[in-house]
Amino acid sequence: MNLRVRTETGVRNVIIKMLVTDTIQSVYEYVAPYIESAAGTHFELRTNFPNKAYQKQETKTLKELGLAPSSALIIRAL
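The model shown is predicted, which means the values in this text are computed figures rather than measured ones.

Peer 1: Would you mind showing me how to read the environment of Lys 52 here?
Peer 2: As for its position among the elements, Lys 52 is in strand E4 (residues 52-54). C-alpha separation for the pair Lys 52 and Leu 73, spaced 21 residues apart in sequence, amounts to 9.7 Å. Aside from chain neighbours lying at most four places away, what touches Lys 52 is Leu 45, Arg 46 and Thr 47.

Peer 1: How should I be thinking about the pattern of salt bridges in this particular structure?
Peer 2: Any two side chains of opposite charge can pair, so long as their charged atoms come close to each other. For the structure on display, the rule yields 2 salt bridges. Glu 44 serves as the salt-bridge partner of Arg 46, at 2.8 Å between the closest nitrogen and oxygen. Each member of the pair, Arg 46 as well as Glu 44, is classed as buried. Between Arg 76 and Glu 44 there is a salt bridge, and its shortest N-O distance comes to 2.7 Å. Here Glu 44 lies in strand E3 (residues 43-47) and Arg 76 lies in strand E5 (residues 70-77), a separation of 32 residues in the sequence. Arg 76 sits in the partly exposed class, given a relative accessible area of 43%. For Glu 44, a relative accessible area of 10% corresponds to the buried category.

Peer 1: What should I look at first to understand the sheet that holds E3 in this one?
Peer 2: Strand-to-strand pairing in sheets goes through backbone hydrogen bonds, with the strands running parallel or antiparallel. Spatially, the 5 strands line up as an open sheet ordered E2-E1-E5-E3-E4, and their pairing is mixed. If you trace the sheet from one side to the other, it starts and ends with strand E2 (13-17) and E4, each paired once. Between one strand and the next, the sheet's axes are offset by a mean angle of 35°, whatever the strand orientation. As judged from the 5 bridges shared by strand E1 (residues 2-6) and E2, these two strands associate in the antiparallel manner. Residue Val 5 lies in a different strand from E2, and its bridge partner there is Val 14. Against the sheet, helix H1 (residues 24-31) contacts E1, E2, E3, E4 and E5, and its axis sits at roughly 120° relative to E3.

Basis of the calculations
Residues numbered from 1 in each chain as written. Predicted model: local features only at pLDDT ≥ 70, side-chain atom pairs only at ≥ 80, totals over all residues. Heavy atoms only, no water. Helix = DSSP H or I, 4+ residues; strand = E, 2+ residues; numbered from the N terminus. Contact = heavy atoms within 4.5 Å. Salt bridge = Lys/Arg side-chain N within 4 Å of Asp/Glu carboxyl O. Buried < 20%, exposed > 50% of the residue type's maximum accessible area, 1.4 Å probe, protein only. Pairing = 2+ DSSP bridges. Axes fitted to C-alpha atoms, helices over the stretch in contact; angles between N-to-C directions.

Keep in mind that these numbers describe shape and distance, not what the molecule does.
Following this line, the structure appears as structure tokens:
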């Protein structure tokens, strides 16, 4: 599956190929180096529509979260 993650400034899009059995925590770990704000590690991943935040400690798979077969996520600095 493919995930497109837009950074908080909107300047960069990161395309990630994941398995539907991966968790959102894997996505958090993958995008952490791309954080552009001074907040550093304090961020959340959201969908734009429907407007929903995904918590890092979530244990459901990407498929169970409804992110498969492809989705777009936005990094929001906290």
